[in-house]
Amino acid sequence: MSRLSCFFLLAALMFHRQVSCAWEDDSSEEEPKIARQVVDNSFRSPYRFAAYPWQQWSSPYASYQPRYQPSFRQDAVTVYSQSTPGFTQSCKSSCTGERGNCFDAETCSSLGGRASGNCHDGRVCCINVVNTCHGKYSRHSDAVTLNNTYWQSSLRPIPASSSCTLTVKLDTRLPDNTPAPVSPLSICQVRLSFLVFTISQPDSESLCSGDYFEVAGATNTVPNICGFNDGQHMYLHVPPSDVTPTDLQLTFNFGASDIETRAWNILISKIPCGSPRLAPADCLQYFTTRSGVVQTFNWRDVAGTATRQLANQDYSICFRSAPYSPRQLCLTPCTVVTTQKPFSLSTPSVQTTVATTTATSLRPDVSQVGSLDCNNDFVVIPGGFNIGNPAPVPNMAFDRYCGEKFNALPGNNASTTVCTSATPFRVLYRTNRDETLTSPTADSFPVNSIPVNGNRGFCLNFRLQ
């Protein structure tokens, strides 16, 4: 065979691979590849360029620099298949890793979707992407009805002092009142998977005083968040849509600064009532694997002493356990590679008395010292105990933890593993409204001074055992 013939044969094989990838059937009812909510090494390569599944020819982020491109960590994505009667079959593109819906090609095109692979019955896997906030208006809004919709920030610069709202409609009609090609099956929850989420950081008081993201229409408590939240998620609870179809409003509000990095890619997944994938009542976050990493919003392994904890957080983090299987939930602070603190919720304070004068000062790098230390910012682990179950001592923590070391023993300078056997497994996280003064316990001394080391939140490895 001549060199020229070999060249044409190789070119033909490469072309065949491109075509087969673009239309490969990937709608089988395989078990979802559920990985940890936040990847351990995300700080090293948060977007994993080598394994990046988006193709340049189809990516709406193609003109972005790599650091702004969305990452597709296989992250407990809500997937429904033919095993859910009456619900439009979901699919996953074998080429890009994106989630979509099985529609015929004409319907996919009319909805503005992009075909990426085939479903078993001849329909295409239709990927639906919504790009909003195009920079021309200070207030912009849009609406989506389809399950498995990606909401992405615009490629154009986002103006300061503006906002962008996406309405998630849970009824069966499109915004122009025409019937949507989706099942009228009742929806009880909507999951938001933050594949990319970067807006401005909180101020020194932990308030999202510049940019912030808010949710309206959910029945559970959903805090406002800001900063860096790649890999995080939220479960939004709603009344059954067949009884009370309630719209959800997702809004990014942008502050006056025009130098902030603002980019997002959010997968919106609808969960029908009665689905085994529903999160328990009042759970904002829900982890379905036996091990993984749970982080507070905006925690990140980066150097610095700035405040990363967000104010006014008050929500439950839940963990799935099958009957007669795991008997304990154990939590251990993450290993960091920078100067970041893996656990930092209100620096403990101590009082010293000299003669008749009593002075109060902060005691960094230890666990909670006294019962009043965990008044402002804390995490509740019901029935928590140190691994090894040490003997009780005065001021030992049994459910409420704070300070800068994760330990039930008071004033301890080392973190450890804390376990609980109280079911259902859930952790409650709460922060107050500031970082300076909240009666009866001050967060900083002198009173009303900005802390030298801001609170960071936490990063904990979890395991059900």
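Computed from a prediction, not measured in an experiment: that's the story for all the values here. (Residues numbered from 1 in each chain as written. Predicted model: local features only at pLDDT ≥ 70, side-chain atom pairs only at ≥ 80, totals over all residues. Heavy atoms only, no water.)

In this section: the overall build of the protein. What the protein contains, in helices and strands, is 2 helices and 27 strands. Burial analysis of the protein (465 residues in total) assigns 52% to the buried set. Pairs at least 24 residues apart make up 74% of the contacts formed inside the protein by residues separated by at least 6 positions. If you sum the accessible surface of the protein, you get close to 20,600 Å²; carbon and sulfur atoms cover 53% of it. (Helix = DSSP H or I, 4+ residues; strand = E, 2+ residues; numbered from the N terminus. Buried < 20%, exposed > 50% of the residue type's maximum accessible area, 1.4 Å probe, protein only. Contact = heavy atoms within 4.5 Å. Areas by Shrake-Rupley, 256 points an atom, 1.4 Å probe, with all protein chains shown as cover.)

Now for the packing of aromatic side chains. This structure, assessed with the given rule, holds 20 aromatic pairs. An angle of 85° between the planes, with centres 5.8 Å apart, marks the rings of Phe-194 and Phe-213 as edge-to-face. Remark: Phe-213 occurs in strand 9 (residues 212-216) and Phe-194 occurs in strand 8 (residues 187-198); sequence separation between them is 19 residues. In this structure Phe-213 comes out as buried when scored by relative accessible area, which is 0%. Note on Phe-252 and Phe-254: the rings are 6.2 Å apart at their centroids and 5° apart in plane angle, and the pair reads as stacked. Overall, Phe-252 belongs to the buried group, its relative accessible area being 0%. Members of the aromatic cluster, joined through ring pairs, are Trp-151, Phe-194, Phe-197, Phe-213, Phe-252, Phe-254 and Trp-264. In this structure, Arg-300 is placed above the aromatic ring of Phe-228, and the distance from its NZ or CZ to the ring centre is 3.7 Å. (Phe/Tyr/Trp six-rings, centres within 6.5 Å; stacked < 30°, edge-to-face > 60°. Lys NZ or Arg CZ within 6 Å of the ring centre and 35° of its normal.)

Before going further, it helps to examine the sheet that holds strand 15 (residues 314-319). Pairing in this open sheet of 5 strands is mixed, and the strands run 13-15-24-20-22 from one edge to the other. Where the open sheet ends on each side, the last strands, each with one partner, are strand 13 (283-287) and strand 22 (400-401). The sheet contact formed by strand 20 (residues 378-380) and strand 22 spans 2 bridges and is antiparallel. Bridge pairing in strand 22 links Val-380 to Arg-400. (Pairing = 2+ DSSP bridges.)

Bringing the confidence of the model for the protein into the picture now. On average, residues of the protein carry a pLDDT of 78, and 71% of them reach 70 or more. This model gives residues 13-86 a pLDDT under 50, and the stretch forms 166 contacts once residues within four places in sequence are excluded. (pLDDT = per-residue confidence, 0-100.)

Moving on to the nonpolar core. Trp-151, Leu-192, Phe-213 and Phe-319 are the most contacted members of the largest nonpolar core, which has 62 residues in total. Per element, the largest residue contribution to this core is 5 residues, and it comes from strand 8. With 8 residues, the next largest nonpolar core counts Cys-91, Cys-125, Ile-127 and Leu-195 among its residues. (Core = buried A, V, L, I, M, F, W, Y, C linked by side-chain atoms within 4.5 Å.)

Right, let's talk about the state of the cysteines for a bit. Disulfide: a covalent bond connecting the sulfur atoms of a pair of cysteines. Tallying each qualifying case throughout the model produces 9 disulfides. Here Cys-91 is linked by a disulfide to Cys-125, with a sulfur-sulfur distance of 2.1 Å. Disulfide Cys-91-Cys-125: the torsion about the S-S bond is 95°, which places it as right-handed. Separated by 34 residues along the polypeptide, Cys-91 in strand 1 (residues 90-92) and Cys-125 in strand 4 (residues 124-132) bring together distant segments of the chain. On the accessibility criterion, Cys-125 (2% relative accessible area) is buried. One disulfide bridge connects Cys-283 with Cys-318, the sulfur atoms lying 1.8 Å from each other. Linking Cys-283 and Cys-318, the disulfide has an S-S dihedral of approximately -75° and is accordingly described as left-handed. With Cys-283 in strand 13 and Cys-318 in strand 15, the pair connects residues that are 35 residues apart, well separated along the chain. Just as Cys-283 is buried, Cys-318 falls in that class too. (Disulfide = S-S within 2.5 Å.)

Right, let's get into unusual backbone geometry. The omega angle of the peptide bond from Thr-423 to Pro-424 is -5°, so this bond is cis rather than trans. A positive phi angle is found at Ser-206, which is not glycine, with a value near 75°. Within the fold, Ser-206 resides in the loop between strand 8 and strand 9. One non-glycine residue with positive phi stands out, namely Asn-298, at about 80°. Residue position: Asn-298 is located in the loop between strand 14 (291-295) and strand 15.

This part is about the environment of Gly-117. For Gly-117, the location among the structural elements is in strand 3 (residues 114-118). With relative accessibility at 2%, the residue Gly-117 sits in the buried group. Each C-alpha atom, one on Gly-117 and one on Cys-102, is 9.6 Å from the other, the two residues being 15 residues apart in sequence.

Overall, the coordinates contain 7 salt bridges when judged by the stated rule. Measuring nitrogen to oxygen at the nearest pair gives 2.8 Å for the salt bridge that ties Asp-121 to Arg-123. Among the residues examined, Asp-121 registers a relative accessible area of 45% and is labelled partly exposed. One salt bridge connects Asp-211 with Arg-262, and the closest N-O pair in it is separated by 2.8 Å. With Asp-211 in the loop between strand 8 and strand 9 and Arg-262 in the loop between strand 11 (248-253) and strand 12 (263-272), this pair connects stretches of sequence that are 51 residues apart. For the pair Asp-211 and Arg-262, one class covers both residues: buried. When salt bridges with common partners are traced through the structure, they connect Lys-341, Asp-365 and Glu-404 into a single cluster. (Salt bridge = Lys/Arg side-chain N within 4 Å of Asp/Glu carboxyl O.)

Let us now look at the side chain of Asn-147. Relative to the assigned elements, Asn-147 resides in the loop between strand 5 (139-144) and strand 6 (149-153). A relative accessible area of 5% places Asn-147 in the buried class. A polar contact is formed between the side chain of Asn-147 and the backbone nitrogen of Lys-270, at a distance of 2.6 Å. (Polar contact = N/O pair within 3.5 Å; in protein donor to acceptor, adjacent residues only side chain to side chain.)

With that out of the way, let us pick up the side chain of Ser-154. By secondary structure assignment, the location of Ser-154 is in the loop between strand 6 and strand 7 (163-168). A polar contact is formed between the side chain of Ser-154 and the backbone nitrogen of Arg-156, at a distance of 3.0 Å.

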